[in-house]
Amino acid sequence: MLNINPRIMIITVASFKGGVGKSTTAFHLATYFQELAPTLLVDGDANRSALDWGARGDIPFKVVDEKQAVKHARKYEHIIIDTPARPDEDELKTIAEGCDLLVLPTSPDALALGATLKMVDALHDLDTSYRILLTIVPPKPNKAGIEARTAIQNVELPIFRGSIRRLAVFQKAALEGVPVNTVKDSYSAIAWQCYVDVAKEIQDDQGE
Ligand code: ADP
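What counts and what doesn't
- Residues numbered from 1 in each chain as written.
- Predicted model: local features only at pLDDT ≥ 70, side-chain atom pairs only at ≥ 80, totals over all residues.
- Heavy atoms only, no water.
- Buried < 20%, exposed > 50% of the residue type's maximum accessible area, 1.4 Å probe, protein only.
- Helix = DSSP H or I, 4+ residues; strand = E, 2+ residues; numbered from the N terminus.
- Arc of directions from axis to C-beta.
- Contact = heavy atoms within 4.5 Å.
- Near = heavy atom within 4 Å.
- Polar contact = N/O pair within 3.5 Å; in protein donor to acceptor, adjacent residues only side chain to side chain.
- Areas by Shrake-Rupley, 256 points an atom, 1.4 Å probe, with all protein chains shown as cover.
- Nonpolar A, V, L, I, M, F, W, Y, C, P; charged D, E, K, R; others polar.
- Pairing = 2+ DSSP bridges.
- Right-handed = clockwise from strand over helix to strand, strands pointing away.
- Patch = residues over 30% accessible without salt bridge, like charges linked within 9 Å, V, L, I, M, F, W, Y side chains within 5 Å.
- Salt bridge = Lys/Arg side-chain N within 4 Å of Asp/Glu carboxyl O.
- Lys, Arg positive; Asp, Glu negative; His and termini not counted.
- Charge placed at Lys NZ, Arg CZ, Asp CG, Glu CD.

1. Quick look at helix H4 (residues 89-97)
Among the residues of H4, those classed as buried are Leu 92, Ile 95 and Ala 96. Taken down its axis, H4 places every buried residue within 95° of arc, on the same side. Away from the buried face of H4 by more than 90 degrees, exposed residues Asp 90, Thr 94 and Glu 97 are located. Each element contacted by the buried residues of H4 is listed here: strand E1 (9-13), strand E5 (101-106) and helix H5 (110-120).

Here it is, written out as structure tokens:
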């Protein structure tokens, strides 16, 4: 029998469109949870974003691909899974069934939002809890973030109170291969706080 730690929390990050900040979200949630307890990031994205990221820079947690995940899982208290982009409905169900919380990042543009709302239907008959995360939200006076939030709330779908702002420092961090909180940039603290707020919502939710 596998000796999996019973206190393990598994968070899976999935999206139905590329470029919505899925890997960025998995990477920064792993950074946050590593500060609390040993955390493993499983990179299931064929683009291997997280593994590449780790190879470029200095990251504070362990990253493995999904083939190595089982071997490593028992040593960690938090497991964050970055999933393949654009799963079909069956893949999504399989992905969702294996976790405690499914995080669905979406940018506020109509294409990404439309894809998210459509695919979320597939989750209705599953027990897994999921929550939509608004990412790459443009600054005021642009209203895209507010409008997307209203659209999601109008159809009564679960959404994180916090959202992730569109900030160039996230791209800088990806290029350097480090989490945003270690980049020398006047926006790095603001960018990091976006993910801290979201991670705290997850902690409250999961009774951590
Ligand atoms: P996905 O995994 O959904 O394809 P990524 O996390 O790889 O998306 O992000 C796609 C691109 O957008 C990357 O260049 C990344 O640095 C950038 N990005 C992600 N989140 C943000 C953000 N909040 N603000 C600005 N750029 C972002």
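2. Some points on the site of the ligand
Close contacts around the ligand come from 15 residues, with Gly 19, Lys 22, Ser 23, Thr 24 and Arg 165 the closest. Arg 165 has a polar backbone atom sitting 2.8 Å from a nitrogen atom of the ligand. In isolation the ligand offers 550 Å² of accessible surface; the protein chains occlude 80% of this area. Its residues placed into classes, the shell around the ligand shows six nonpolar, six polar and three charged.

3. Brief notes about the pairing of strand E6 (residues 129-134)
Within E6, five of the six residues are buried, which leaves it mostly tucked inside the rest of the structure. Note that E5 and E6 share six bridges and pair parallel. Across the sheet, residue Thr 106 finds its bridge partner in E6, namely Leu 134. Remark: the E5/H5/E6 crossover connection has right-handed handedness.

4. Observations concerning a positive patch on the surface
The grouping of Lys 62, Lys 71, Arg 74 and Lys 75 at the surface amounts to a positive patch. The residue Arg 74 is located in the loop between helix H3 (66-73) and strand E4 (78-82) in this model.

5. What to know about helix H6 (residues 144-154)
Among the residues making up H6, those that are buried are Gly 145, Ala 148, Arg 149 and Ile 152. For H6, the angular spread of the buried residues around the axis is 100°, confining them to a single face. What points out from H6, more than 90 degrees from its buried face, is the exposed set Ile 146, Glu 147 and Asn 154. Each element contacted by the buried residues of H6 is listed here: H5 and E6. Among the residues trailing H6, Glu 156 stands out with phi positive, at a value near 55°.

6. Description of the environment of Leu 157
Inspection of the secondary structure puts Leu 157 in the loop between H6 and helix H7 (168-176). The class of Leu 157 is buried, set by a relative accessible area of 11%. Spatially, the C-alpha atom of Leu 157 lies 30 Å from that of Ala 37, the residues being 120 residues apart in sequence. Discounting chain neighbours no more than four positions away, the residues touching Leu 157 are Leu 117, Val 120, His 124, Tyr 130, Ile 132 and Ile 152.

7. Things to note about the pattern of salt bridges
In total, this model carries five salt bridges according to the counting rule given. The closest approach of N and O atoms between Asp 82 and Lys 22, which form a salt bridge, is 2.7 Å. Of the two residues, Asp 82 is situated in strand E4 and Lys 22 in helix H1 (residues 22-34); the sequence distance between them amounts to 60 residues. An identical accessibility class is assigned to Asp 82 and Lys 22; each is buried. Residue Arg 131 is joined to Glu 201 by a salt bridge in which the shortest nitrogen-to-oxygen separation is 3.1 Å. A residue pair is termed long-range when its members are at least 10 positions apart, and Arg 131 in strand E6 and Glu 201 in helix H8 (residues 188-206) qualify at 70 residues. The same class applies to Arg 131 as to Glu 201, namely buried.

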